[in-house]
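Take a look at the letters that make up each chain.
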Amino acid sequence: MLNFGLNEKMSLNPPIFLKEREENSSKFVEIQQPQTASRSSEDPLQNLCLASQEVLQKAQRSGRSKCLKCGGSRMFYCYTCYVPVENVPLEQMPLVKLPLKIDIIKHPNETDGKSTAIHAKLLAPDFVNIYTYPCIPEYEEKDHEVALVFPGPKSVSVKDISFHLQKRIQNNVRGKNDDPDKPSTKRKKTEEEDLNDSKCKDTTLKKIIFIDSTWNQTNKIFTDERLQGLLQVELKTRKTCFWRHQKGKPDTFLSTIEAIYYFLVDYHTDILKEKYKGQSMGSESPC
């Protein structure tokens, strides 16, 4: 889990949520009702459109099942292969369409069975990829369309992403035309043409990166040269609803799946300029 935001504070009271816990070496899902309390009108967890949990309830009653890929005995899903187990039919699982791709870089010491990043892969398999560090894709040639969610002095807000991506395109153009051997008038004309072309380029964010690790482990991944130079994005501060938060850390340290959810909510409202009504992110209808 990581603390992905340090800015605007919000007070959250968790709605109905799925609580996962270990009992007798197996996991099951428990539905917890919230205590009666007033909620902020800005609470993005209100009025979520939740899919039926019948398939999970049936799987819970039948117990652990076999992973069809590795043969391991698991509850609900295989955290090694990132697929549901035999008694959770794929066709009965809700699949989510996302407005952009997500790369998750998982620390090798992060316990697979406790990683919430896998939940994103299960629900949006066509949009989410998980890499175990030090295996990281090359992003250098795509830094104008990729960003990393990580707090820091150079981080920008979600609503400012497009502006900063446009600046990167323009800076790349200026750097490309900075040739001392080319006549200054010709160099200036070429730069003006390229800058005009860059304004026509799509500055839509196409991929967002999350780091899946504890806060103490994350520095090794964040400082990797393959991630340096990427635009950093910082989320608004929210309180975690996750039952297994990091010991000794404040409740603003989010689990990875919470950080993904909150980023997508902000992306939906601040970038797509659409009101979020609790639907899955790629859905046109509220439910």
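Being a predicted model, the structure only gives us computed values, none of them experimental. (Residues numbered from 1 in each chain as written. Predicted model: local features only at pLDDT ≥ 70, side-chain atom pairs only at ≥ 80, totals over all residues. Heavy atoms only, no water.)

## With respect to the overall build of the chain
Quick reminder of the rule: Runs of E in the DSSP output that reach at least two residues are strands. Runs of H or I that reach at least four are helices, and both are numbered from the N terminus. Any residue under 20% of the maximum accessible area for its type is buried, any over 50% is exposed, and the rest in between are partly exposed; the area is computed with a 1.4 Å probe on protein chains only. Contact criterion: two residues are considered in contact whenever any of their non-hydrogen atoms come within 4.5 Å of each other.
Assigned secondary structure in the chain consists of six helices and 13 strands. The burial tally for the chain puts 45% of its 287 residues in the buried class. Restricting to contacts in the chain with at least 6 residues of sequence separation, those with at least 24 account for 71%.

## Here's the deal with the state of the cysteines
For clarity, the threshold we go by: When the sulfur atoms of two cysteines come within 2.5 Å, that pair is taken as a disulfide.
Counted under the stated rule, the structure contains zero disulfides. Cysteine 78 provides the cysteine sulfur closest to cysteine 67, a residue in no disulfide bond, and the two sulfurs are 3.7 Å apart. With a relative accessible area of 1%, cysteine 67 lands in the buried category. The structure places no disulfide on cysteine 70, whose sulfur is separated from the nearest cysteine sulfur, that of cysteine 67, by 3.7 Å.

## Points about the pairing of strand 10 (residues 146-149)
Threshold: Here, any two strands with at least 2 DSSP bridges between them count as paired.
On strand 10, burial covers both faces: Val146 and Leu148 on one face and Ala147 and Val149 on the other are all buried. Where strand 10 meets strand 11 (residues 207-212), three bridges bridge the pair, whose relative direction is parallel. Residue valine 146 lies in a different strand from strand 11, and its bridge partner there is lysine 207. In terms of strand pairing, strand 10 meets strand 12 (residues 231-233) through three bridges, oriented parallel. The residue bridging leucine 148 from the neighbouring strand is glutamine 232, located in strand 12.

## Brief notes about helix 6 (residues 256-271)
Applicable threshold: Given the number of residues in a helix, its expected span is that number minus one, multiplied by 1.5 Å.
Between its first and last C-alpha atoms helix 6 spans 21 Å; for 16 residues at 1.5 Å apiece the expected length is 22 Å, and the two agree. The element helix 6 is extensively covered by neighbouring structure, given that 13 of its 16 residues are classed as buried. A positive phi of about 60° marks lysine 273, the residue just after helix 6.

## Examining the sheet that holds strand 10
The condition that has to hold: Only the contacting stretch of a helix is used when fitting its axis, a line to C-alpha atoms as for every element, and angles between N-to-C directions run 0 to 180 degrees.
One open sheet accounts for five strands, arranged 9-8-11-10-12; its pairing is parallel. Among the strands making up the open sheet, the edge pair consists of strand 9 (128-132) and strand 12. Direction aside, the axes of adjacent strands within the sheet are offset by 30° on average. Pairing of strand 8 (residues 101-106) with strand 9, which is carried by five bridges, proceeds in the parallel orientation. Bridging from a neighbouring strand, isoleucine 105 pairs with tyrosine 131 of strand 9.

## A short note on the packing of aromatic side chains
Here is the rule we go by: Within 6.5 Å between ring centres, the rings of Phe, Tyr and Trp (the latter by its six-membered ring) count as paired, and their orientation is classed by plane angle as stacked under 30 degrees, edge-to-face over 60, tilted in between. When the NZ atom of lysine or the CZ atom of arginine is within 6 Å of a ring's centre and also within 35 degrees of its normal, the charge is said to sit over that ring.
With the rule as written, the count across this model stands at seven aromatic pairs. In this structure an aromatic cluster arises from ring pairing among Phe150, Trp215, Phe222 and Phe253. Taking NZ or CZ as reference, arginine 74 lies 4.3 Å from the ring centre of tyrosine 79, over its face. One Lys or Arg, lysine 101, reaches over the ring of phenylalanine 127 and ends 5.1 Å from the middle of that ring.

## Looking at the nonpolar core
So the rule is basically this: Among the buried residues, those of types Ala, Val, Leu, Ile, Met, Phe, Trp, Tyr and Cys that are joined through side-chain atoms within 4.5 Å form a nonpolar core. For each domain, the first and last residues come from an automatic or database assignment.
Among the nonpolar cores identified, the biggest contains 43 residues, and Ile102, Leu205, Ile208 and Phe263 are the most heavily contacted of them. Looking at this core, the element that brings in the most residues is helix 6, giving eight residues. Built from parts of two domains, this core gets at least three residues from each of domain 1 (50-93) and domain 2 (95-173 + 202-277). Apart from residues lying up to four places away in sequence, phenylalanine 263 is in contact with Leu100, Val149, Val158, Ile161, Leu205, Ile208, Phe210, Val233 and Leu235. With 13 residues, the next largest nonpolar core counts Ile136, Val146, Ile221 and Leu227 among its residues.

## Quick word on the confidence of the model for the chain
Heads up, the rule is: A score from 0 to 100, pLDDT tells how confident the predictor is in each residue.
Looking at the chain, pLDDT values average 77 and 68% of them are 70 or higher. Below pLDDT 50 for its whole length, residues 1-41 participates in 114 contacts with residues either more than four positions away or in separate chains. Counting interchain partners and residues more than four positions distant, the pLDDT-below-50 stretch residues 193-200 has twelve contacts.

## Re the pattern of salt bridges
Side chains that differ in sign of charge can pair as their charged atoms come close. Put simply, the rule reads: Whenever a carboxyl oxygen of Asp or Glu lies within 4 Å of a side-chain nitrogen of Lys or Arg, that contact is scored as a salt bridge.
What the rule picks out here adds up to eight salt bridges. Between aspartate 103 and lysine 207 there is a salt bridge; the shortest N-O distance is 3.5 Å. Residue aspartate 103 is found in strand 8, and its partner lysine 207 is found in strand 11; the two are separated by 104 residues along the sequence. Of the residues examined, aspartate 103 reaches a relative accessible area of 0% and is grouped as buried. Residue lysine 207 is classed as partly exposed on the basis of its relative accessible area of 22%.

## Topic: the side chain of histidine 107
Formally: N or O atoms within 3.5 Å of each other form a polar contact, as long as, within protein, one can give a hydrogen and the other can take it, and as long as residues adjacent in sequence are counted only when both atoms are side-chain atoms.
Within the secondary structure layout, histidine 107 lies in the loop between strand 8 and helix 2 (117-123). Within the local environment of histidine 107, its side chain forms a polar contact with the backbone nitrogen of asparagine 109, the two atoms lying 3.0 Å apart. Not counting residues within four places of it along the chain, the set of residues in contact with histidine 107 comprises Asp212, Ser213, Gln217 and Ile221.

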